[in-house]
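# Examining the three-dimensional arrangement
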Amino acid sequence: MELSTGDVAAVVLYFLLVLGIGLWSMMRPNRDTVEGYFLAGKHMFWLPVGASLFASNIGSEHFIGLAGTGAASGIGVAAFEFNALVLLQLLGFIFLPVFIASKVRTLPEYMVKRFGGRRISMYLSVLSMILYIFTKISVDLYSGALFIQQALQWNLYLSIFAILTLTLVCTVGGGLAAVIYIDVLQVAIMLGGSSVLLYLGLEKVGGWEELKVKYMTSVPNITYVNPNDNGTCGLPREDSWTILREPFHSDMPWPGFLLGQTPASIWYWCADQMMVQKALAAKSLSDAQGATILTGWIKTLPMFLIIIPGMMSRVLYPDTVGCVDPEVCQAFCNNPVSCSNTAYPAIVLGIMPEGLRGVMIAVMLAALMSDL
């Protein structure tokens, strides 16, 4: 795809802003102290902390994965976002008072104070690093690379290396303060760009009511018959517009979600170093709790800003985004199983005007960097 001058200017401006914030954070006082580096001097009020919590959660894999799942099976995946709204308050009002009263800077340090000895903190640190590499960073890099491939036709490895280098320069030198300030910028870009995409997408499909009708009839021209049960693949699910789905035959039964996913989400939101450290940077417990309330409210937006655009993408491009025939999918996205992961890049490149495409590329780069 050929980028216009406006597209290039938007991406360049984004990189300059991020680099500028990172360099400014390097020159702030108290950066060379432990508390200044790891907790941003504990001078952050609720707004930047809340924005940083949201940015740390929403990565490029959300734009690819949530939109793709929305295209494939509807709004059920939004349950994960609404579940986080509740668990963030568990962090703010149950866990954080304990962490802050302990005067710790990291969770491994809390483990030492709580249980004694160094082995458990070392075990937690090593385990966290392994989990980050194989379950978070690798997924982020793949989804970000997929978008760059669809949008710019750049060499994937060179693009990833450039993003990692910029992230390294801006965050390692400036510490947590640089991460939080950059996250505030990235949340503004993500919410602004995604809101424009939602508006243009709804206008394209004819509005909300038309979307509900057209999604249920968005079937590719070439369907696929499952040889195991003679069912036709490629038809939208009957429960596509249901979040908590029936417990026996659905793809995400509500008892399994609530009882199975919630404990894992408690670890993610309340005991994961990446999340807790952002909250510990707040200047007071009240600011930390205000941040979790703010993040909880913002977590209601991905359903409308990411999942719904994915569903609109299937409506607009049923033969590609909604493909099920292995040969068709292989020809379109080099994946014989499905091309639903191309839902978000497809709608961005398909309906966004020149200039705004560059903004959305910056949105994906912001999501990728904020989650690394």
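Presented here is an overview of the structure given in this document. (Residues numbered from 1 in each chain as written. Predicted model: local features only at pLDDT ≥ 70, side-chain atom pairs only at ≥ 80, totals over all residues. Heavy atoms only, no water.)

## Things to note about the overall build of the protein
Note the following rule: Under the DSSP-based scheme used, a helix requires at least four consecutive residues in state H or I and a strand at least two consecutive residues in state E, with every element numbered from the N terminus. Buried residues are those whose accessible area, probed at 1.4 Å on protein chains only, stays under 20% of the maximum for their type, while exposed residues exceed 50% and partly exposed ones sit between those limits. Throughout, a contact is declared for two residues whenever any of their heavy atoms are within 4.5 Å. Here the accessible surface of atoms and residues is derived via Shrake-Rupley with a 1.4 Å probe, and residues count as covered only by protein chains that are part of the display.
Regarding its fold elements, the protein presents 17 helices and 2 strands. Within the protein, the fraction of its 372 residues that count as buried is 51%. Taking the intrachain contacts of the protein between residues at least 6 apart in sequence as the baseline, contacts between residues at least 24 apart amount to 79%. Carbon and sulfur atoms provide 67% of the accessible area of the protein, an area that totals close to 17000 Å².

## Here we look at the nonpolar core
For clarity, the threshold we go by: Nonpolar cores were defined as sets of buried Ala, Val, Leu, Ile, Met, Phe, Trp, Tyr and Cys residues, with membership established by side-chain atoms within 4.5 Å.
Ranked by size, the top nonpolar core spans 53 residues in total, and within it Phe63, Met190, Leu197, Ile307 and Tyr344 carry the most contacts. In terms of residues, this core owes the most to one element, helix H9 (residues 175–205), which gives 9 residues. The contacts of Tyr344, once residues within four sequence positions are left out, are Phe63, Ala67, Ser194, Leu197, Leu305, Ile306, Pro309, Met360 and Met364.

## Let's talk about the packing of helix H4 (residues 60–73) against helix H16 (residues 343–351)
Here is the rule: Here, axes are lines fitted to C-alpha atoms. For helices the fit covers the stretch in contact, and angles between N-to-C directions go from 0 to 180 degrees. In these notes the angle categories are as follows: under 35 degrees is roughly parallel, over 145 is roughly antiparallel, 65 to 115 is roughly perpendicular, and the rest is oblique. Residue polarity is assigned by list, with Asp, Glu, Lys and Arg as charged and Ala, Val, Leu, Ile, Met, Phe, Trp, Tyr, Cys and Pro as nonpolar; anything else, Gly included, falls into the polar class.
Packing of H4 against H16 brings their axes to within 7 Å, and their N-to-C directions diverge by 95 degrees. Taken together, the axes of H4 and H16 lie roughly perpendicular to each other. From H4, Phe63, Ile64, Ala67, Gly68 and Ala71 reach across to H16, where they touch Ala343, Tyr344 and Pro345. For the contact of H4 with H16, the per-class residue count stands at 7 nonpolar, 1 polar and no charged.

## A look at the pattern of salt bridges
The following threshold applies: For this document, the term salt bridge refers to a Lys or Arg side-chain nitrogen within 4 Å of an Asp or Glu carboxyl oxygen.
A complete count under the given rule lists 9 salt bridges for this structure. For Arg357, the salt bridge goes to Asp7, with nearest N and O atoms at 3.5 Å. One end of the pair, Arg357, is in helix H17 (residues 356–370); the other, Asp7, is in helix H1 (residues 5–26), and 350 residues separate them in sequence. Under the relative-accessibility criterion, Arg357 is labelled buried at 12%. Residue Asp7 is classed as buried on the basis of its relative accessible area, which comes to 0%. Three or more residues are tied together by salt bridges with common partners; here these are Arg237, Asp239, Arg245 and Asp251.

## Structural notes on the state of the cysteines
Here, disulfide denotes a covalent bond that connects the sulfur atoms of two cysteines. Which entries qualify depends on this criterion: Any two cysteine sulfur atoms lying within 2.5 Å of each other are counted as a disulfide.
Tallied over the entire structure, the rule returns 2 disulfides. A sulfur-sulfur distance of 2.2 Å marks the disulfide that ties Cys323 to Cys329. Between Cys323 and Cys329, the S-S dihedral sits near 125 degrees, and the bridge is therefore right-handed. The residues Cys323 and Cys329 share a single accessibility class, namely buried. Between the sulfur of Cys333 and that of Cys339 lies a disulfide, 2.0 Å long from S to S.

## Some thoughts on a nonpolar patch on the surface
As a reminder of what qualifies: In this scheme, patches are assembled from residues that exceed 30% relative accessible area and form no salt bridge. Like charges are connected within 9 Å, while nonpolar side chains (Val, Leu, Ile, Met, Phe, Trp, Tyr) are connected within 5 Å.
On the surface, a nonpolar cluster with roughly 680 Å² of combined accessible area is contributed by Met122, Val126, Met129, Ile130, Ile133, Phe134 and Ile137. Looking at the secondary structure, you find Ile130 in helix H7 (residues 119–152). Residue Ile130 is classed as partly exposed on the basis of its relative accessible area of 42%.

## Notes on helix H11 (residues 254–270)
Selection rule: What a helix is expected to span follows from its residue count: subtract one and scale by 1.5 Å.
Counted at 1.5 Å a residue, the expected span for H11 with its 17 residues is 24 Å, and the 22 Å between its end C-alpha atoms agrees. Those residues of H11 lying buried are Phe257, Thr262, Ser265, Tyr268, Trp269 and Cys270.

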